[in-house]
Amino acid sequence: MGPEKRALRTLAIRLRELRYKRGWSQEELADRMDSDRTYISDMERGLRNPSLKTLARLASTLRTTIGNLCDP
């Protein structure tokens, strides 16, 4: 597995963990960050490579840092 795939997998796992920890559905997270539920689903499955802007919005919504989202 290459570094990009590993990074997307790490993000997928952390995103799901943090969302579950807050008790939010994918739809609730999407609503809170003014996004679409399918985009959240795709990120959680490692199918999307979000922009830095999206990562910042995601981290802010989940009350964490970009580093925490991406650090294995």
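Residues numbered from 1 in each chain as written. Predicted model: local features only at pLDDT ≥ 70, side-chain atom pairs only at ≥ 80, totals over all residues. Heavy atoms only, no water.

J.: Would you mind going over the overall build of the protein chain with me for this structure?
T.: Broken down by element type, the protein chain carries 5 helices and 0 strands. Computed over its C-alpha atoms, the radius of gyration of the protein chain comes to 11 Å, within 12% of the 11 Å expected for a compact globule of 72 residues. Principal-axis analysis of the C-alpha atoms gives the protein chain an extent of 30 × 20 × 20 Å. In the protein chain, which comprises 72 residues, the proportion classed as buried is 36%. Across the protein chain, every contact between residues at least 6 apart in sequence was considered, and the portion connecting residues at least 24 apart equals 56%. (Helix = DSSP H or I, 4+ residues; strand = E, 2+ residues; numbered from the N terminus. Rg over C-alpha atoms; globule rule 2.2 N^0.38 Å. Buried < 20%, exposed > 50% of the residue type's maximum accessible area, 1.4 Å probe, protein only. Contact = heavy atoms within 4.5 Å.)

J.: Help me understand a negative patch on the surface, please; the structure alone is not making it clear to me.
T.: On the surface, a cluster of negative charge is contributed by E27, D31, D34 and D36. Within the fold, D36 resides in the loop between α2 (26–32) and α3 (37–44). Residue D36 is classed as partly exposed on the basis of its relative accessible area of 42%. (Patch = residues over 30% accessible without salt bridge, like charges linked within 9 Å, V, L, I, M, F, W, Y side chains within 5 Å. Areas by Shrake-Rupley, 256 points an atom, 1.4 Å probe, with all protein chains shown as cover. Salt bridge = Lys/Arg side-chain N within 4 Å of Asp/Glu carboxyl O. Lys, Arg positive; Asp, Glu negative; His and termini not counted. Charge placed at Lys NZ, Arg CZ, Asp CG, Glu CD.)

J.: Any chance you could explain the pattern of salt bridges here in plain terms?
T.: Close approach of charged atoms allows side chains of opposite charge to pair. For the structure on display, the rule yields 6 salt bridges. Its salt-bridge partner being R19, residue E44 comes within 2.5 Å of it at the nearest N-O pair. Of the two residues, E44 is situated in helix α3 and R19 in helix α1 (residues 3–22); the sequence distance between them amounts to 25 residues. E44 sits in the buried class, given a relative accessible area of 4%.

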